[in-house]
Amino acid sequence: MDWTIEELNRLAAECSCGLTHHPIEIREIVVEPDALQRAAAFVQSSFRHVCIFADANTFRAAGQELANRLKELAVTSSVCIMEPDVNGDVVADERTLVQGFLACSPQTEAILAVGAGTVHDIARFCSFKMKIPFISVPTAASVDGFTSAGAPLIVRGVKQTFQTQAPIAVFADVNVLVQAPRRLAASGFGDMIGKFTSLADWNFGHLVADEPYCPWIATLTAKALETCVDHVHEIQAGGPEGLSILMRALILSGLAMLLFGQSHPASGGEHHLSHDWEMELLRTGKPQVLHGLKVGAASAVIAETYKKNVLAAMQSLEGQLGQEGCGEQVEAVSRLLAGLPSADDIRAWIRLAGGAEEPAELGIDAHLVAASLTRAHRLRNRYTMLRFLKEPMSFHKENA
C-alpha cells in the first residue's frame, strides 16, 4: 500500500466524480523508528513556543522524550497532561477542552498532540479555535482519526463531530507503537474493520438518497481495509512490521475523509452504534471502552442487521410505492449487501486481531444494543441503512 501526499493530491485533482475534493495540506507524514527525532527537528524548523497535549500514559510513552529533544533544540514547550474522570478515562468533553485552552499561553505557536484519539480530538479542536496549527504524534495504532479534520467531542452528553483542521505533520514512531498495550492495536484494527459497513452505508446513501459519493475515495478506503485484513496475523503479533502496516492504513483512511471533507468513507451505522454506547456509558458513570473495540463489535451487529432486514424492507416498500425505477435500486442494493462480509467473518477477523467479537465482552449488554439499534441513526444527518430501517422513505431518487 504505497502512497504519497503528492500522488493523492494529483489523483484528487484528476478525479472525475464531479465533487470538489479538499487538497491534503499535511507537510510531512513519517511512520518509522525514531520518528520522534524527526518530529523535534520539524518543530524546531518552524516554532519556538509549543504546547504538548498528552495524558499521563502517553506523556511517559513519548511526551517526555519529545520535550527533552525540543529543549536540546532551544524550543520552549509547556505541557498539558489531560486529567481523567472518576473512572480514570480522559474524555473529549467541555472540561478537558477548557483544560487545553488554559494550558496554552499567548506565545504558543503550535500544539503537539502526543497520544491516541482522544488527545488528538482535544488538540485538534483547541488549535482550530486558537487559529494555530497542530502536529500529530500518535503513541498507538488505535484509531483512524490522526489525519482527519473531524473532532468527535462530547458536548452536553451528546457525541458530536466538529469539522476543524488536519495536522500539519504526522510523526508515528514505530519504537513507541510497539510498546503500546496490545488492545490498542486491536482497537485500530476494529476501527478499520468498521469500513466494511461504513463503505456500504456510504454507497447506499448515494444509491437511494443521492448523497455525494466518490468511487475513487471509496477505493482508497477499501484498499486500506484490505491491507489490514490481509496482514491480520502480523498486526496481531504486534511487531514493527504489523504495526507499521496498521498505522499507514489508519492514516490513509483519515486522508480519505480529509479529501472528501466529511467522515462518510469511514463512519456509518457501526460508528453510530459505538457513539450511542459511549454516551450511555458516560451517562451511567461507567468506564469508557476503546473506540475501535466498540466499532469492531458494532460492525458485526450492523452487518447482521443489514443482511437480514434491508433488502426485504426495500422490496416491501417497492411493492407499496410501485414506482418506476425502484427495481433497479433494489437490485443495486442487493449486490451491495452480497458484497458485505457476514457477521461471522467479521467476528473471525476481530478474533484473530485480539479484539472483542461481541458487545457483551465490552460490558455492553443486549438491552443497550437493542436500544441503540432503534435510536443511533439520529446521531448523524446521514442516510445509512440503519436510518432506512427505522425511518423508511421513498428510496427512488426523484422522491428522496
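The rules behind each value
Residues numbered from 1 in each chain as written. Predicted model: local features only at pLDDT ≥ 70, side-chain atom pairs only at ≥ 80, totals over all residues. Heavy atoms only, no water. Helix = DSSP H or I, 4+ residues; strand = E, 2+ residues; numbered from the N terminus. Expected span 1.5 Å × (residues − 1). Buried < 20%, exposed > 50% of the residue type's maximum accessible area, 1.4 Å probe, protein only. Pairing = 2+ DSSP bridges. Right-handed = clockwise from strand over helix to strand, strands pointing away. Phe/Tyr/Trp six-rings, centres within 6.5 Å; stacked < 30°, edge-to-face > 60°. Lys NZ or Arg CZ within 6 Å of the ring centre and 35° of its normal. Salt bridge = Lys/Arg side-chain N within 4 Å of Asp/Glu carboxyl O.

1. Thoughts on helix 7 (residues 182-193)
Consideration 1: The terminal C-alpha atoms of helix 7 lie 17 Å apart, and with twelve residues this matches the ideal 16 Å at 1.5 Å per residue to within 8%.
Consideration 2: If you check which residues of helix 7 are buried, you get L184, A185, A186, S187, G188, F189, G190, D191, M192 and I193.

2. Comments concerning the pairing of strand 3 (residues 76-81)
Consideration 1: Direction of pairing for strand 2 (residues 49-54) relative to strand 3: parallel, over a ladder of six bridges. Across the sheet, A54 pairs through a bridge with I81, a residue of strand 3.
Consideration 2: Regarding the hand of the β-α-β motif, the stretch spanning strand 2, helix 3 (residues 56-72) and strand 3 is right-handed.

3. Side note on the packing of aromatic side chains
Consideration 1: As enumerated under the stated definition, the model contains seven aromatic pairs in all.
Consideration 2: The interplanar angle of 15° and the centroid separation of 5.4 Å between the aromatic rings of F196 and W349 together place this pair among those described as stacked. Separated by 153 residues along the polypeptide, F196 in helix 8 (residues 195-209) and W349 in helix 15 (residues 343-353) bring together distant segments of the chain.
Consideration 3: Its relative accessible area of 22% is what places W349 among the partly exposed residues.
Consideration 4: Members of the aromatic cluster, connected to one another through ring pairs, are W202, Y213 and F260.
Consideration 5: One Lys or Arg, R248, reaches over the ring of W3 and ends 4.8 Å from the middle of that ring.

4. Section: the pattern of salt bridges
Consideration 1: This structure, assessed with the given rule, holds 19 salt bridges.
Consideration 2: Between R347 and E304 there is a salt bridge; the shortest N-O distance is 3.7 Å. Of this pair, R347 sits in helix 15 while E304 sits in helix 13 (residues 291-321), and the two are 43 residues apart along the sequence.
Consideration 3: Salt bridges sharing common partners tie together E304, K308, D344, R347 and E358.

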